[in-house]
Amino acid sequence: MREYKKYWWALVAIIIVAFSILGYYGAEVYRSAPPVVSFVDKDGKVVIEQEQIYKGQEAWQSIGGMQVGSVWGHGAYQAPDWSADWLHKELVAFMDIKANAVFDKNYNDLDEAQKANIKAITKAEYRTNTLNNGVIHLSDDRLKAMTIVGNEYQGVFGNDPKFQKLRENYAMKNNTLSDKKSREELNNFFFWSAWACATNRPNSDATYTNNWPHEPLIDNIPTTENIIWTIISFTILLAGIGLLVWFSNFYGKKDDENIKQTSADPLSLLTLTPSQKGLAKYLFIAVALFMVQILLGGVVAHYTVEGQEFYGVDFSQFIPYSLARTWHIQASIFWIATGFLAAGLFLAPIINGGKDPKFQKLGVDLLFVALLILVIGSFAGEYLAIAGKLEIGTISFWFGHQGYEYIELGRMWQIILFVGLVIWMALVLRGFAGGFKAQGDKNLLAIFTASTVAVGLFYSAGLFYGQRSPLPVMEYWRWWVVHLWVEGFFEVFATASLAFVFASLGLVGKKFATYSTLASASLFLIGGIPGTFHHLYFAGTTTPIMAVGASFSALEVVPLVLLGAEAFHQYSLQFTQSWAKNLKWPLYCFIAVAFWNMLGAGVFGFLINPPLALFYIQGLNTTSVHAHAALFGVYGFLALGFIWLVSLYIFKGQEFDDKLMKIGFWALNLGLMLMILTSLLPIGLYQAVAAIDVGMWYARSAEFLQMDHLQNLRWARMIGDTVFIIGGICFFAQILKFIAKNCCCKKSN
């Protein structure tokens, strides 16, 4: 412990300070959330009750929420951002009403001076905060404009034939929300979200969403603070890179330990325990869910060109876009998590001296059953909610669909997932306990243990918001899961587990592995924890949130500068020992992690990171570029690396089919790259230009997205998708070969 003391103190200090910042400004998120109150007309008569807004939020959640368009830029990309869309359409309607009242003409028929007059009236009407005595006052003309937009939304979310083509363009099924009263309540929620985008905070020149979305009609443009903190974030990025390169060269630990040559893989000499043998089913389910995710991704991508059909077959009444995208995202989380769980459960008996703790096999089997119940139950609940077969409100939220991206599963299933993670943590730590009783240095095991506890417990953050929590509060806790749990603690767990494995195999020195893991954990978390706020710039929060998010999220990119060296280090490990060539494909997956971490998390992540950039491109396909490259490119390949590493030891005596693995590995990488470069990124850049020139509403509109060149780019994605699917099939075939041969060997014995 003594020689690592300063590293431990640095890590502990970073965690304490970072979580203090996250917690302190988290309280600011609660305090500054836009008010959810009743709206009244000029005579004080209530036109929208607070309760109706909450019921509208519940209706939105029940149909898939963020899987049907987006609100405040968070969600799916095919349908509009409803807050930006409602705001623009209401503004257009209001300006026509005012133009006819003042000049007896529609707004577009006015001369420039008259337009400027109407625009000034409109800006004053919309940007002025009329909150008084707990209610918000609306003018008669604004109520008329709201009615016009509300009637359109009634038709779009219902079954009005007039909006059939628009529903197809939005990839929405007919009768997305079948009940008329529920659609009225949904409209109230969308109106409230648009009101927050247009209305200045008290004693401020910025709206509740920091002037997002870009809407020139009422001068929703970047704030001064937005520009200042963008400049500061770039400065911090450059300074951080410089300091990292300086310290890594002058003070970084080198792997100068003498590696003892061994004639065989040390882990291959161990006898598999019953619990380790039981992990084969985990590996199969992980890769099977990976295939499900890939195929659903193809369906989701195709919906962007045919809307309600799959090559001419009306698929939307059975598996609409919102459901296919829900399952696509949930399957990715399930299979990636399963790969990580399998790695921890495999290592626990090894650390315990090569034997299972008492009842470990039973625990592993019960956890697997819980996993199956979770996957089947949550998928069924999401289907029933989106199909309108669950009562809107508590039933749908708890057993169906929460409506929030990445944590779509109903609250009951979410609790089951958390309990499963705690059980996994307990099973792994039981094995680690034996390791602490053994002789030798325990520092690497200690950081591995800490990361295991973090993975097991921090998913609970997703339980801290409720069915009717304000959107900013929900977003705060949601990003604790998506950003902090996945991008933070999963990253540390992966680093610690790989360091432990490689040190145990004799591929790296234990001291170097320990130093590297402690240093990497500090680097990941110093920016990653408070950097969570960069997702909340425009989620109903204030300038301090933007300042913290912009400053610390810039530091998240800094460690990625050294990933080229990490990739080379991973590649060279196969030459460290004569038998290490057997680790080729797991190591190649870890090399891919380093590459996609640099490109997907680093380059594409920082593309949407600075406040000024995100102001214009939040909710566009540029976000999808980062999501695909980082989620699969980093965490997907990490999980696959773990799966193939564990497979080497679970299926003893078997070798990889080199042809299958070669095609699979390169097809997955090439397919992902083609998907991004031929479709997602070009569409995102076209949208960015539209958002800057015209407004956010236009960049997400059917009018823009259905242009021929953008349709062609969506069709072009088929090339990358097909290559990617081929890669997935090859990997699935490999795991099937392992399992089939293993079963044959058992029968022959």
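Details of the structure are given in the entry above.
Note that the structure is a prediction, hence the values are computed from the model and not measured.

The rules behind each value
Residues numbered from 1 in each chain as written. Predicted model: local features only at pLDDT ≥ 70, side-chain atom pairs only at ≥ 80, totals over all residues. Heavy atoms only, no water. Helix = DSSP H or I, 4+ residues; strand = E, 2+ residues; numbered from the N terminus. Rg over C-alpha atoms; globule rule 2.2 N^0.38 Å. Buried < 20%, exposed > 50% of the residue type's maximum accessible area, 1.4 Å probe, protein only. Contact = heavy atoms within 4.5 Å. Areas by Shrake-Rupley, 256 points an atom, 1.4 Å probe, with all protein chains shown as cover. Lys, Arg positive; Asp, Glu negative; His and termini not counted. Charge placed at Lys NZ, Arg CZ, Asp CG, Glu CD. Core = buried A, V, L, I, M, F, W, Y, C linked by side-chain atoms within 4.5 Å. Disulfide = S-S within 2.5 Å. Polar contact = N/O pair within 3.5 Å; in protein donor to acceptor, adjacent residues only side chain to side chain. Salt bridge = Lys/Arg side-chain N within 4 Å of Asp/Glu carboxyl O. Phe/Tyr/Trp six-rings, centres within 6.5 Å; stacked < 30°, edge-to-face > 60°. Lys NZ or Arg CZ within 6 Å of the ring centre and 35° of its normal. Patch = residues over 30% accessible without salt bridge, like charges linked within 9 Å, V, L, I, M, F, W, Y side chains within 5 Å. Pairing = 2+ DSSP bridges. Axes fitted to C-alpha atoms, helices over the stretch in contact; angles between N-to-C directions. Expected span 1.5 Å × (residues − 1). Parallel < 35°, antiparallel > 145°, perpendicular 65-115°, else oblique. Left-handed = near helix turned anticlockwise from the far one by under 90°. Nonpolar A, V, L, I, M, F, W, Y, C, P; charged D, E, K, R; others polar.

1. Some words on the overall build of the protein chain
Along the protein chain, the regular secondary structure elements total 26 helices and 8 strands. Against the globule reference of 27 Å for 749 residues, the protein chain gives a C-alpha radius of gyration of 27 Å, in line with a compact fold. Its C-alpha atoms give the protein chain principal-axis dimensions of roughly 90 × 55 × 45 Å. Going through the 749 residues of the protein chain one by one, you find that 62% of them count as buried. The contacts of the protein chain with a sequence gap of at least 6 include a subset with a gap of at least 24, amounting to 78%. Total accessible area on the protein chain is roughly 28100 Å²; 64% of this is exposed by carbon and sulfur atoms. The average position of the 54 basic charges and that of the 54 acidic charges among the side chains of the protein chain differ by 12 Å.

2. Overview of the nonpolar core
It is characteristic of soluble globular proteins that their nonpolar side chains tend to be buried jointly. Ranked by internal contacts, the top residues of the largest apolar core, which has 234 residues, are F157, F190, F637, L640 and W644. The greatest single-element share of this core, amounting to 25 residues, is contributed by helix α16 (residues 471–505). In terms of nonpolar packing, the next biggest core, distinct from the first, is built from 7 residues, A76, V299, Y321 and A324 among them.

3. Some words on the environment of V428
Along the chain, V428 falls in helix α14 (residues 411–437). For the pair V428 and G344, spaced 84 residues apart in the sequence, the C-alpha separation amounts to 6.1 Å. Residues contacting V428, with those up to four places away along its chain left out, are G344, L345, A348 and T452.

4. Overview of the state of the cysteines
Every disulfide links exactly two cysteines, by a covalent bond between their sulfur atoms. This structure, assessed with the given rule, holds 0 disulfides. Not part of a disulfide, C589 finds its nearest cysteine sulfur in C730, a span of 13 Å. Judged by relative accessible area, which is 1%, C589 ranks as buried. By relative accessible area, C730 is classed as buried at 10%.

5. Considering the side chain of S497
Summarising the element assignment, S497 is placed in helix α16. Of the polar contacts made by the side chain of S497, one reaches the backbone oxygen of F493; its length is 2.8 Å. The residues contacting S497, other than those within four sequence positions of it, are L347, F448 and F642.

6. Structural notes on the pattern of salt bridges
Going through the model one piece at a time under the given rule, you end up with 19 salt bridges. Ionic pairing is found between K123 and D219, a salt bridge with its closest N-O pair at 3.1 Å. Pair noted here: K123 is in helix α4 (residues 112–127) and D219 is in the loop between α7 (180–198) and α8 (224–250), with a separation of 96 residues, a long-range link. Linking R478 and E475 is a salt bridge whose minimum nitrogen-to-oxygen distance equals 2.9 Å. Of this pair, R478 and E475 both sit in helix α16, separated by 3 residues, roughly a single helical turn. As far as burial versus exposure is concerned, R478 and E475 are alike and both buried.

7. Describing the packing of aromatic side chains
Tallied over the entire structure, the rule returns 72 aromatic pairs. Relative to W596, the ring of F595 lies with its centre 5.2 Å away and its plane at 80 degrees, an arrangement referred to as edge-to-face. Overall, W596 belongs to the buried group, its relative accessible area being 1%. Both rings, one in F632 and one in F637, keep their centres 4.9 Å apart while their planes meet at 50 degrees; by these two values the pair is tilted. For the pair F632 and F637, one class covers both residues: buried. If you follow K115 out to its NZ or CZ, it ends over the ring of Y107, 5.7 Å from the centre. The lysine or arginine in question, R411, covers the ring of Y465, its NZ or CZ lying 5.0 Å from the ring centre.

8. Topic: a nonpolar patch on the surface
A surface patch of nonpolar side chains, amounting to about 330 Å² of accessible area, comprises W9, V12 and I16. Following the sequence through the fold, I16 ends up in helix α1 (residues 5–32). The class of I16 is exposed, set by a relative accessible area of 52%.

9. With respect to the sheet that holds strand β1 (residues 38–40)
Pairing is mixed across the open sheet formed by 4 strands, whose spatial order is β2-β1-β6-β5. Every other strand in the sheet has two partners, leaving β2 (46–48) and β5 (131–132) as the edge strands with one partner each. Relative to β2, β1 runs antiparallel, the two being bridged by 2 bridges. Its bridge partner being in β2, V40 is matched across the sheet by V46. Docked against the sheet, α7 engages β1, β2 and β6 (135–137), running at close to 85 degrees with respect to β1.

10. Examining helix α2 (residues 50–62)
The α-helix winds at 3.6 residues per turn, so residues separated by three or four positions along the chain end up facing the same way. Between its terminal C-alpha atoms α2 stretches 19 Å, which fits the 18 Å expected from 13 residues at 1.5 Å a residue. Every buried residue of α2 is accounted for by I53, Y54, G56, Q57, E58, A59, W60, Q61 and S62. A positive backbone phi angle near 115 degrees is found at G64, which sits one or two residues after α2.

11. Looking at the environment of T223
Relative to the assigned elements, T223 resides in the loop between α7 and α8. Taking C-alpha positions, T223 is 9.6 Å from T543, a pair spaced 320 residues apart along the chain. Ignoring any residue separated from it by four or fewer positions in sequence, one finds T223 in contact with A206, N210 and N211.

12. Details of helix α10 (residues 280–306)
Here α10 contains 27 residues, and its C-alpha end-to-end distance of 39 Å stays within 8% of the 39 Å for a straight helix at 1.5 Å per residue. Counting buried residues in α10 gives 21 out of 27 residues, a clear majority hidden from the surface. Immediately beyond the C-terminal end of α10, within one or two residues, lies G307, with a positive phi of roughly 75 degrees.

13. Digging into the packing of α1 against helix α18 (residues 543–557)
At a closest axis distance of 10 Å, the pairing of α1 and α18 adopts a crossing angle of 150 degrees. In this view, α1 runs roughly antiparallel relative to α18, as classed from their interaxial angle. Here α1 and α18 pass one another in a crossing that is left-handed. Contact residues: I21, Y25, E28 and V29 in α1; P544, I545, V548 and F552 in α18. Taken together, the residues of the contact of α1 with α18 sort by class into 7 nonpolar, no polar and 1 charged.

14. Points about the packing of helix α17 (residues 510–528) against α18
Describing two packed helices takes the angle between their axes plus the distance from one axis to the other. Packing of α17 against α18 brings their axes to within 7 Å, and their N-to-C directions diverge by 150 degrees. Between α17 and α18, the angle is such that the two are roughly antiparallel. Facing α17, whose interface residues are I526, G527 and G528, α18 presents F552, S553, L555 and E556. Across the contact of α17 with α18, the residue classes break down as 3 nonpolar, 3 polar and 1 charged.

Just distances and angles here, no functional claims.
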